[in-house]
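# Observations on chain architecture
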Amino acid sequence: MTLVQNTRHLTRRLWLQHGARLGLAWAAVQAWPAQAQKMESGRLLSLAEMLDPITQGAPVRQQDVTITAPILADNGSLVPMTVQVHSPMTAADHVSHVYLLSQRNPVTRMAVFQLGPWNGRADISTRVRLAGTQTVVALARLSSGEFRYGQMDIIVTESACVDAS
């Protein structure tokens with residue numbers, strides 16, 4: 001096998017990998033509920049409007065979830081955020097999902113993290129985009145089916161991800 005054939009093979013492999021990733025991303029976008037896709041521009045969602053599509057009537061308590069983020073964000077493009085959920089993280093009692101929800105962004109569900117007892121701790125650090133001053137909610141789904149949440153108000157001086165419509 002010559003070097004040219006070997007390079008052609010790697011290029012084809014990379015092309016197939018990118019195609020598979022694109023297909024998975026498209027499938028994920030199609031799976032999201034229609035109401036999570038669009039929002040009226042400038043309208044702030046209530047806590048119930050953010051939580052109900054996920055919780056679907058399950059018990060929800062405001063406890064054991066701590067959000068750490070700057071109160072004043074100079075730029076909404078990259079706002080650092082840490083979420084900690086107090087849980088023993090055992091096989092019988094652990095956090096299975098953490099949802100980051102936005103009150104004002106065009107897409108309410110900013111991120112979803114899948115966790116399990118193998119994590120050891122339910123701590124997540126990430127950066128999010130915020131379309132203006134709003135309340136951010138971290139919702140934790142427990143293995144028992146319960147939900148717990150914490151919320152934080154963040155003031156954004158320069159918005160990101162603004163809907164142009």
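Residues numbered from 1 in each chain as written. Predicted model: local features only at pLDDT ≥ 70, side-chain atom pairs only at ≥ 80, totals over all residues. Heavy atoms only, no water.

Moving on: the pattern of salt bridges. Enumeration over the complete set of coordinates arrives at 5 salt bridges. Residue Arg 121 is joined to Asp 123 by a salt bridge in which the shortest nitrogen-to-oxygen separation is 3.1 Å. By relative accessible area, Arg 121 is classed as exposed at 59%. With a relative accessible area of 32%, Asp 123 lands in the partly exposed category. Note that Glu 146 is salt-bridged to Arg 148, the shortest N-O span being 3.5 Å. Across this residue pair, the class does not change: Glu 146 and Arg 148 are buried. Shared partners join several salt bridges into a network, and the residues in it are Arg 61, Asp 64, Glu 146 and Arg 148. (Salt bridge = Lys/Arg side-chain N within 4 Å of Asp/Glu carboxyl O. Buried < 20%, exposed > 50% of the residue type's maximum accessible area, 1.4 Å probe, protein only.)

Moving on to the nonpolar core. Among soluble globular proteins, nonpolar side chains are generally buried collectively. Counting 25 residues, the largest nonpolar core has Met 81, Val 83, Val 85, Val 95 and Ile 154 as the members making the most contacts within it. Of all the elements in the fold, those that place two or more residues in this core are strand 2 (65-68), strand 4 (79-85), strand 5 (95-102), strand 7 (122-128), strand 8 (134-142) and strand 9 (147-156). Once you skip the residues sitting within four places of it in the chain, Ile 154 turns out to touch Ala 69, Pro 70, Ile 71, Ala 73, Met 81, Leu 130, Thr 133, Gln 134 and Val 136. Of all hydrophobic cores here, the second largest spans 10 residues; its members include Ile 54, Val 137, Leu 139 and Phe 147. (Core = buried A, V, L, I, M, F, W, Y, C linked by side-chain atoms within 4.5 Å. Helix = DSSP H or I, 4+ residues; strand = E, 2+ residues; numbered from the N terminus. Contact = heavy atoms within 4.5 Å.)

Here we come to the pairing of strand 9. Working note: regular strand, side chains alternate between the two faces of the sheet. The element strand 9 is extensively covered by neighbouring structure, given that 7 of its 10 residues are classed as buried. Pairing analysis gives 2 bridges linking strand 1 (residues 60-61) to strand 9, with the strands arranged parallel. Paired with Arg 61 across the two strands is Arg 148, which belongs to strand 9. With 2 bridges connecting them, strand 3 (residues 72-73) and strand 9 associate as parallel partners. Paired with Leu 72 across the strands is Ile 155, a residue of strand 9. In the sheet, strand 8 pairs with strand 9 via 8 bridges, with the strands oriented antiparallel. Across the sheet, the residue bridging to Val 136 is Met 152, located in strand 9. Taken together, strand 8 and the strand that follows it, strand 9, pair antiparallel across an intervening segment of 4 residues, in which Gly 145 is found at a positive phi of about 100°. (Pairing = 2+ DSSP bridges.)

A word on the sheet that holds strand 7. Strands sit in the order 2-4-7 across an open sheet of 3 strands; the sheet is antiparallel. In this open sheet, the two strands that pair with only one neighbour each are strand 2 and strand 7. Neighbouring strand axes in the sheet, compared pairwise and without regard to direction, differ in orientation by 15° on average. Here 4 bridges tie strand 2 to strand 4, and the two strands are oriented antiparallel to one another. The residue bridging Thr 66 from the neighbouring strand is Gln 84, located in strand 4. (Axes fitted to C-alpha atoms, helices over the stretch in contact; angles between N-to-C directions.)

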